[in-house]
Structure formats: structure tokens, C-alpha cells
Amino acid sequence: MSKVTATRARPLSPHLTVYRWPITMTMSILHRVTGGALYFGTLLVAWWLVAAAASESYFEFVNSIFGSWIGRLILFGYTWALVHHLLGGVRHLVWDTGAGLEKHTASRIAWATVAGSVVLTVLIWFAGYAARGF
């Protein structure tokens, strides 16, 4: 048998463009990504606190950055990462009890994590703007 015939007969493994990631795998990866994003966001919160302790002019400078549209977008993303990571941690805590480990249930909980993180983030920002008076 020639080398060409032997390599053609082997099955090819699925490529990323063909393979559909299960929602539980996606949430696992996203949980790690949001954990990493929390490091960056916490540095921003620490910067804001240091500015508040330093001087009024420096605090106004940092506040103006966070108050810009890009700053608010970053803070919105930080809020979502925080809520999503929290809900992912609760999901893992439920799994640690032995509940929800069936494939269908785990997928439903993963989708609930996505929906819950989006809804809670919007509610947090809505409550913040309502308390501030828009």
C-alpha cells in the first residue's frame, strides 16, 4: 500500500470551524477569561480609590476617564465579568454538591448563567443610574 493511500484512509479530526463547542465547555473557558478580566478591573478600582485618597484634582481626572463613554464601557464589561464569574462560581458550587451534573441539566444551568449575568448586569447599571438621577 502506498503512503498516499494510507493517509487518505485516515479520518480527519474536526477543525475549529466545523466543531461546535458545547455550552458547558464555552462557559468553562469564559469563567477563566472573566477571572482574568477581574484582575484588570480590580486594578482600575484600586486606581480610583488611590486617586480619591491622593487629591481632589487627581480624583477628578480619574473620574473623568471613568465617566467617558470608553470608561463606562470598560466598567460595564467589568460589571458583567464580575457577575458572570460569580454566577459561574455558584454553578460550580451546585455541582460540588453532586446536583445538576446530568448533561441536559448542566447545559440548562450554563445557559441560565449567561442569561442571568446579562440581566443582572443591566439591572445593576439601571439601579446605579436611577440612584444617580440619570
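Residues numbered from 1 in each chain as written. Predicted model: local features only at pLDDT ≥ 70, side-chain atom pairs only at ≥ 80, totals over all residues. Heavy atoms only, no water.

Peer 1: Could you clarify how one ought to interpret the overall build of the protein in this entry?
Peer 2: Per the secondary structure count, the protein includes five helices and zero strands. Secondary structure of the protein in N-to-C order comes out as α-α-α-α-α. The buried share of the protein, reckoned over its 134 residues, is 22%. Pairs at least 24 residues apart make up 67% of the contacts formed inside the protein by residues separated by at least 6 positions. For the protein, the accessible area works out to roughly 9800 Å², and carbon and sulfur atoms hold 71% of it. (Helix = DSSP H or I, 4+ residues; strand = E, 2+ residues; numbered from the N terminus. Buried < 20%, exposed > 50% of the residue type's maximum accessible area, 1.4 Å probe, protein only. Contact = heavy atoms within 4.5 Å. Areas by Shrake-Rupley, 256 points an atom, 1.4 Å probe, with all protein chains shown as cover.)

Peer 1: How do you make sense of the packing of aromatic side chains when you look at a structure like this?
Peer 2: What characterises a pair of aromatic rings is the spacing of the ring centres plus the angle enclosed by the ring planes. Scanning the entire structure with this criterion turns up five aromatic pairs. Between the aromatic rings of W47 and F66, the centroid separation amounts to 5.7 Å while the plane-to-plane angle is 85°, which identifies the pairing as edge-to-face. A residue pair is termed long-range when its members are at least 10 positions apart, and W47 in helix α2 (residues 23-54) and F66 in helix α3 (residues 56-67) qualify at 19 residues. Relative to F61, the ring of Y58 lies with its centre 6.2 Å away and its plane at 20°, an arrangement referred to as stacked. Here Y58 pairs with F61, and both are found in helix α3, just three residues apart, close to one helical turn. Exposure remark for Y58: the relative accessible area of 31% places this residue in the partly exposed category. (Phe/Tyr/Trp six-rings, centres within 6.5 Å; stacked < 30°, edge-to-face > 60°.)

Peer 1: It is not clear to me how the nonpolar core should be interpreted in this structure. Could you clarify?
Peer 2: Note on soluble globular proteins: their nonpolar side chains tend to be buried together. Counting five residues, the largest nonpolar core consists of L44, A51, F59, V62 and F66. When residues of this core are traced back to their parent elements, those giving at least two are α2 and α3. Here the element with the most residues in this core is α3; it accounts for three residues. Each residue touching V62, except ones within four places of it in the same chain, is listed here: W47, W48 and A51. (Core = buried A, V, L, I, M, F, W, Y, C linked by side-chain atoms within 4.5 Å.)

Peer 1: Help me understand the packing of α2 against helix α4 (residues 69-96), please; the structure alone is not making it clear to me.
Peer 2: Two quantities define a packed helix pair, namely the angle between the helix axes and the distance between the axes. The contact between α2 and α4 brings their axes to 8 Å, and the two run at 135°. Relative to α4, α2 is oriented oblique. In this structure, α2 crosses over α4, and the sense of that crossing is left-handed. Tallied by class, the residues present in the contact of α2 with α4 amount to twelve nonpolar, ten polar and one charged. (Axes fitted to C-alpha atoms, helices over the stretch in contact; angles between N-to-C directions. Parallel < 35°, antiparallel > 145°, perpendicular 65-115°, else oblique. Left-handed = near helix turned anticlockwise from the far one by under 90°. Nonpolar A, V, L, I, M, F, W, Y, C, P; charged D, E, K, R; others polar.)

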